[in-house]
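# Coordinates in review
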Amino acid sequence: MPQTHAIYAHPGEDLLSAVLQQFDVHDDHLFNITRTFLREMWDGLESYGHDMAMIPTFVRSTPDGSEKGTFLALDLGGTNLRVCEVNLHGDKTFSLRQQKYKVSDALKTGEAATLFDYLADSVDAFLTDSGSPTCALPPSLNPRDLTEASDPVDAHGSYIPLGLTFSFPVEQTALDSGKLLTWTKGFAAKNAIGNDVVKLLQDAFDRKHMHVRCVALVNDTVGALLSRAYTSGGCILGAIFGTGTNGAYVEDLANISKLRRQEEVKEGGLMVVNTEWGGFNNSRSALPSTPYDNKVDRESINPGKQGFEKFISGMYLGEIARNVIVSLIDAAPKSLLFAGHSSKQLNKQWGVDTAVLSEVEEAWEGIGRFAPKDGGSTGVNGTEAETKTNKGIDSSRQPSVQQKLERIRDVIVKRMELPPDSVSLDDADIVRKICTHIAWRAARLSACAVAAVLVQTGRAHLTRGDGETKNTATLVDEGRRIGVGVDGSLVEHYPYFEKKLRTSLRVLVGDDVEHRVDIGLAKDGSGVGAALCALVACRQNTAKKYHTVSEHEVANGLPQSRGPEISTSLDPLVRT
């Protein structure tokens, strides 16, 4: 197997092919990974403490697009901190006002109290800049008439409801409570793990005497699911393919065995589960690991964790490619790239962003900023026969291919900061193949996650059975649309990522099921999803308080006041 840093050439061995073949995931391997994925899902549903945590979210309702109201949303993810004001119009549309704030490395790795104080300061700045907060509960949810309410802030209706999108593994115990399990995406703030993140944020609001109440905690994947449901009328899976990766889906409560003692299970029905699938197969017993992946993991901030994420997410794909490129530069006895030249950017960890891979593929496909002025595409979508990389091939290439490689060479020179005369068209072709193989592998592995959810929810069977698959009955929703909401820079911007994912999904679950899977972008899932969760929380809290007041009136022989005609949830989760 080729070494990571220096590849030693042997007569007759095609070293480039040997390297690239390590990133191929054959169909048999896809099925094995998907079955392993299902087994880890079952383990996580049965008990706590697994890498694939399968966290109950206590979200038991989905929107239908008729909901109205204006709410704050705070979104802390891998790249940006956002404060949003979301206005739900009630007609499957919404409007959004937002502001982004930078989270420095010092905040990411400092004290938790300092980080959450910064979150509160950002919300305060957002409200101050807006002149006056416009966030308000809909009249049917306004609790200002609940004079018997025990919470003086709630009783006067003077707080602003906020939903927190917290894109990190959390063990959720209620809609507004959850303990941080571990940091990911480069965060490592001290004294946060094991603590309730809603309380940490609310304490920060209270220290600053802000009339803001964090009423709902939502993962960005749950937000993607709810947002897509709001704008499309139905969704069973929300998935993030961006800086990190994760999925949340609708599960039968009866299958969440670790909740067996809780009231929700006795009531029956369905609940959204946050899979935390970024931690799938941390042992790497099934994942197609290479020396380049091992190096990325070893040098990461969380070695041995988030195994699946490190194969498919935007945070890591560029670093994997950089490791491959450097190994080819260092190949002995003769370099295979750039005549042995490297650069400060290539020699630096994280020096190659995944956006560079995306730009390389755009240059090859003739899309994005490389699209022809007439709007057509010169791309081949990865299907054109691979060209040879022997010396002297430049003169034998067709002009169209040569033009593509010239565009790629320009990208390499600019983004990798290499001298122009050190990058040949052969080098451009090699880099293009590296990018294509790494992205294809990411898309194929992503399809395994989607397929596993379809099988687990009874909407698909694997086309190759092995006797272990539990879902052998008639398919749920057979012949009907299967809604999947997605978000993240990879699925939104990387060339043909969804098409590549679908190609592998078709292999796993068959043409009919794949054709019915309606994958749509969740329009700002982390913002709108948090707002929808805040609405759910306000409805539930208001209903609970009216119930408390009613019991008080009955117990004391008082005339019963008529509360607002509201439901304790949005539309019940159903298999549609």
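These lines cover the structure that appears in this document, whether it is placed above or below.

So, how was this worked out
- Residues numbered from 1 in each chain as written.
- Predicted model: local features only at pLDDT ≥ 70, side-chain atom pairs only at ≥ 80, totals over all residues.
- Heavy atoms only, no water.
- Helix = DSSP H or I, 4+ residues; strand = E, 2+ residues; numbered from the N terminus.
- Buried < 20%, exposed > 50% of the residue type's maximum accessible area, 1.4 Å probe, protein only.
- Axes fitted to C-alpha atoms, helices over the stretch in contact; angles between N-to-C directions.
- Left-handed = near helix turned anticlockwise from the far one by under 90°.
- Contact = heavy atoms within 4.5 Å.
- Core = buried A, V, L, I, M, F, W, Y, C linked by side-chain atoms within 4.5 Å.
- Pairing = 2+ DSSP bridges.
- 1 Å grid on protein atoms, 1.4 Å probe; cavity = no way out; pocket = protein on both sides within 12 Å on 5 of 7 lines; lining within 4 Å.
- Points joined across faces, edges and corners; volume = space filled by probe spheres on them.
- Nonpolar A, V, L, I, M, F, W, Y, C, P; charged D, E, K, R; others polar.

Turning our attention to the overall build of the chain. Each helix and strand in the chain was counted, giving 19 helices and 15 strands. Each of the 576 residues in the chain was classed as buried or not, and the buried ones make up 57%.

Attention now moves to the packing of helix α11 (residues 314–329) against helix α15 (residues 425–456). Running from N to C, α11 and α15 point in directions that differ by 140 degrees, and their axes come no closer than 10 Å. As for the relative orientation of α11 and α15, their crossing is right-handed in sense. The residues of α15 that touch α11, namely those facing Leu317, Ile320, Ala321, Val324, Ile325 and Leu328, are Ile430, Val431, Ile434, Ile438, Arg441 and Ala442.

Let's shift gears to the nonpolar core. Nonpolar side chains in soluble globular proteins generally cluster together in the buried interior. Membership of the largest hydrophobic core comes to 98 residues, with the highest contact counts inside it found for Phe241, Trp277 and Phe338. Among the elements that make up this core, the one with the highest residue count is α15 (20 residues). Residues in contact with Phe338, not counting those within four places in the same chain, are Ile325, Ile329, Leu346, Ile412, Leu418, Ser422, Val423, Asp427 and Val431. With 37 residues, the next largest nonpolar core counts Leu72, Val103, Trp183 and Phe205 among its residues.

In space, the 6 strands of this open sheet follow the order β1-β12-β11-β10-β13-β14, with mixed pairing throughout. If you trace the sheet from one side to the other, it starts and ends with β1 (55–56) and β14 (517–521), each paired once. Here α15 sits on the sheet in contact with β10 (237–241), β11 (245–252), β13 (482–487) and β14, set at roughly 170 degrees to β10. Along the sheet face, helix α17 (residues 497–509) touches β10 and β14 and points at about 160 degrees away from the line of β14.

What follows covers the environment of Tyr496. By the element assignment, Tyr496 lies in the loop between α16 (489–493) and α17. Look at Tyr496 and you get partly exposed, because its relative accessible area is 28%. Linking Tyr496 and Ser358, residues 138 residues apart in sequence, is a C-alpha distance of 10.0 Å.

Glancing now at the side chain of Glu359. With respect to the element layout, Glu359 can be found in helix α13 (residues 354–365). The residues contacting Glu359, other than those within four sequence positions of it, are Arg369, Phe370, Val411 and Arg415.

Before going further, it helps to spend a moment on helix α6 (residues 197–207). Residue pairs spaced three or four apart in an α-helix point in one direction, given the helix's 3.6 residues per turn. By the burial criterion, the buried members of α6 are Val197, Val198, Leu200, Leu201, Gln202, Ala204 and Phe205. Check the buried side of α6 and you find it contacts β3 (68–76), α4 (112–129), β6 (160–166), β8 (177–180) and β9 (212–218). His209 sits one or two residues past α6 and shows a positive phi near 55 degrees.

Our next topic: the environment of Gly520. Along the chain, Gly520 turns up in strand β14. Each C-alpha atom, one on Gly520 and one on Gly485, is 5.2 Å from the other, the two residues being 35 residues apart in sequence. With residues near it in sequence (within four places) discarded, Gly520 still touches Arg228, Val484, Gly485 and Val486.

The next point concerns empty space enclosed by the protein. Considering all chains together, one arrives at 6 cavities of 30 Å³ or more under this definition. As a volume, the largest cavity reaches approximately 90 Å³. If you trace the largest cavity, you find 14 residues lining it, with Ser167, Lys185, Thr245, Asn246 and Glu309 closest to the centre. Looking at side-chain class alone, the lining of the largest cavity contains 3 nonpolar, 7 polar and 4 charged residues. Lining the second largest cavity, in full, are Ile55, Thr57, Phe166, Phe168, Val170, Gln172, Leu217, Val218, Asn219 and Asn274.

Turning our attention to unusual backbone geometry. Pro333 follows Ala332 through a cis peptide bond whose omega is 5 degrees. Position of Pro333 relative to the elements: it lies in the loop between α11 and α12 (344–347). Residues other than glycine seldom take positive phi values, yet Gln306 does so here, at roughly 50 degrees. You can call Gln306 buried: its relative accessible area is 8%.

For helix α9 (residues 291–298), the buried fraction is high: 6 of the 8 residues fall into the buried class. The complete set of buried residues in α9 reads Pro291, Tyr292, Asp293, Lys295, Val296 and Asp297. Tucked inside the fold, the buried residues of α9 contact α1 (15–21), α10 (309–312), α11 and α15.

With that out of the way, let us pick up the sheet that holds strand β4 (residues 81–89). Spatially, β5-β4-β3-β6-β9 is the arrangement adopted by the 5 strands of the open sheet, whose pairing is mixed. With partners counted over all chains shown, the strands left at the sheet margins are β5 (94–101) and β9, one partner each. Taking each pair of neighbouring strands and ignoring which way they run, the sheet shows an average axis angle of 25 degrees. One ladder, built from 8 bridges, connects β4 with β5; its direction is antiparallel. Among the inter-strand pairings, Val86 is bridged to a residue of β5, identified as Leu96. Sheet strands touched by α4: β3, β4, β5, β6 and β9. Its angle to β4, the strand with the most contacts, is close to 50 degrees. Most of the contacts of helix α7 (residues 220–232) go to β9, to which it runs at about 90 degrees, and overall it touches β4, β5, β6 and β9.

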